[in-house]
Amino acid sequence: MELNKRQEQILQIVKEQGPITGENIAEQLNLTRATLRPDLAILTMAGYLDARPRVGYFYTGKSGAQLLTDNLTKIYVKDYQSIPVVVNDSISVYDAICTMFLEDVGTLFVVDQQSLLVGVLSRKDLLRASIGKQELTNIPVNIIMTRMPNIAMCEKEDLMIDVAKKLIEKQIDALPVVKKTEKGYEVIGRITKTNITKAFVALATEDL
Ligand code: ADP
């Protein structure tokens, strides 16, 4: 996060004289307390400053890297997940290809009659199945999909950083967000590399 000139001045004053009250900082900068309030709020939210009632503001002494690590542990799957696109395991490869285009996604999650996760279909899975001369309307997706128990998944309370690590480790583009039930896993969302990119940008702009 880039600080403006006034925020830099505030930080300098607090570094040298903290703990110090908002009123006192305002006086030194010839500003009113109200004018200063948004800047103090930003510096506190970003983790540069901390405030204690009846004591005032003090400098946390955290480095940029520490603040970044702090922020990484605030980004959860539930805040960035997208709507999942699921198909039934009995549909054909042809229909799965149509669904992928219509829904504009790169990964489809395959569910059984009870709506429980049984497989994953990627773009290349479908391309591979299309190379042969077979009739695509006759091949069910369940013979070409990646199936349980080999599916990497995540839950809505997981951290985005852990999901990003899993995508790299498994060399895949997406994870289903699941809810565990007695019978199996229900698909309630998806996290793709696009969601990770959005979280990355939010981190840079402090728009968490
Ligand atoms: P693509 O195959 O289009 O490059 P991916 O890299 O996502 O897309 O998929 C690579 C392989 O991994 C495919 O065979 C796919 O079925 C499988 N795959 C994709 N997502 C998952 C997942 N969450 N868990 C396990 N396997 C997956």
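Each chain carries its own residue numbering, running from 1 in the written order of its sequence. Thresholds applied to this predicted model are a pLDDT of at least 70 for local features of residues and 80 or more for the giving and counting of side-chain atom pairs; totals over whole chains, interfaces and linings are not thresholded and use all residues. Note that water and hydrogens are dropped before the side-chain values are worked out from all heavy atoms of the structure.

## Section: the sheet that holds strand 4 (residues 107–111)
The condition that has to hold: Two strands are said to pair when DSSP picks up at least two bridges between them. We count a stretch as a helix when DSSP gives it H or I for four or more residues in a row; a strand needs E for two or more, and each element gets its number in order from the N terminus. Only heavy atoms enter the contact rule, under which two residues are in contact if any of them lie within 4.5 Å. All axes here are fitted lines through C-alpha atoms, helices being fitted over the stretch that makes contact, and every angle between N-to-C directions spans 0 to 180 degrees.
One open sheet holds the 4 strands; their spatial order is 3-4-5-6, and the pairing between them is mixed. Each end of this open sheet is capped by a strand with a single partner; those strands are strand 3 (86–88) and strand 6 (146–147). Inspection of the sheet shows strand 3 paired to strand 4 by 3 bridges, in the parallel sense. Looking across to strand 4, one finds that Asn88 is bridged to Val111. Against the sheet, helix 6 (residues 93–103) contacts strand 3, strand 4 and strand 5 (117–122), and its axis sits at roughly 130° relative to strand 4. On the sheet, helix 7 (residues 123–131) packs against strand 5 and strand 6 and is oriented at approximately 75° with respect to strand 5.

## With respect to the packing of aromatic side chains
To describe a pair of aromatic rings, you give the distance between the ring centres and the angle between the ring planes. Selection criterion: Working definition: rings of Phe, Tyr and Trp (its six-membered ring) pair if their centres are within 6.5 Å, and the pair is stacked with planes under 30 degrees apart, edge-to-face with planes over 60 apart, and tilted otherwise. Charge-over-ring contacts are defined here by two conditions on Lys NZ or Arg CZ: a distance within 6 Å of the ring centre and an angle within 35 degrees of the ring normal.
Applying the stated rule across the entire model yields 0 aromatic pairs. Its end group placed over the ring of Tyr76, Lys78 keeps NZ or CZ at 4.5 Å from the ring centre.

## Looking at the site of the ligand
Heads up, the rule is: If even one non-hydrogen atom of a residue comes within 4 Å of a molecule or strand, that residue is called near it. Residue-level accessible areas treat just the shown protein chains as cover; the underlying method is Shrake-Rupley with a 1.4 Å probe. Classes in brief: Ala, Val, Leu, Ile, Met, Phe, Trp, Tyr, Cys and Pro nonpolar; Asp, Glu, Lys and Arg charged; the others, Gly included, polar.
If you check the shell around the ligand, you find 15 residues, and the closest are Ser122, Asp125, Thr146, Ala152 and Asp173. For the ligand, the accessible surface in isolation is 540 Å², of which the surrounding protein chains cover 84%. Looking at the shell around the ligand, the elements that each hand over two or more residues are strand 5, helix 7 and strand 7 (174–180). Partitioned by chemical class, the residues of the shell around the ligand number 7 nonpolar, 4 polar and 4 charged.

## Section: unusual backbone geometry
Put simply, the rule reads: Exposure is judged per residue with a 1.4 Å probe applied to protein chains only, and the accessible area is read against the type maximum: over 50% gives exposed, under 20% gives buried, and values in between give partly exposed.
The omega torsion of the bond from Gly18 to Pro19 falls at 0°, within 30 degrees of zero and hence cis. Along the chain, the position of Pro19 falls in the loop between helix 1 (5–17) and helix 2 (22–28). We note that Ser115 has phi near 65°; this positive angle belongs to a residue other than glycine. Looking at the secondary structure, you find Ser115 in the loop between strand 4 and strand 5. Of the residues examined, Ser115 reaches a relative accessible area of 45% and is grouped as partly exposed. In the Ramachandran plot, Gln171 falls in the positive-phi region, its phi being about 55° despite a non-glycine side chain. Within the secondary structure, Gln171 sits in the loop between helix 8 (160–170) and strand 7.

## Section: the side chain of Asn195
Relative to the helices and strands, Asn195 resides in helix 9 (residues 193–205). Setting aside residues no more than four positions away along its own chain, Asn195 makes contact with Tyr80, Gln81, Ser82, Met160 and Arg190.

## Some words on helix 1
Residues spaced three or four apart along an α-helix point in a common direction, a consequence of the helix completing one turn every 3.6 residues. Applicable threshold: Helix span, expected: 1.5 Å multiplied by one less than the number of residues in the helix. Within this analysis, the arc is defined by the directions that extend from the helix axis to the C-beta atoms. Polar contact is defined as a pair of N or O atoms within 3.5 Å, subject to the rule that within protein one atom must be able to donate a hydrogen and the other to accept it, and that residues adjacent in sequence are counted only when both atoms are side-chain atoms.
The terminal C-alpha atoms of helix 1 lie 18 Å apart, and with 13 residues this matches the ideal 18 Å at 1.5 Å per residue to within 8%. What helix 1 keeps buried is the set Gln7, Ile10, Leu11, Ile13 and Val14. The buried residues of helix 1 occupy an angular sector of 165° when the element is viewed end-on, so they sit on one face. Opposite its buried face, helix 1 presents the exposed residues Lys5 and Glu16, each directed more than 90 degrees away. In this structure, the buried residues of helix 1 make contact with helix 2, helix 3 (33–45), strand 1 (49–52) and strand 2 (56–59). The distance from a side-chain oxygen at the start of helix 1 to the backbone nitrogen of Arg6 is 3.1 Å, and the residue carrying that oxygen is Asn4.

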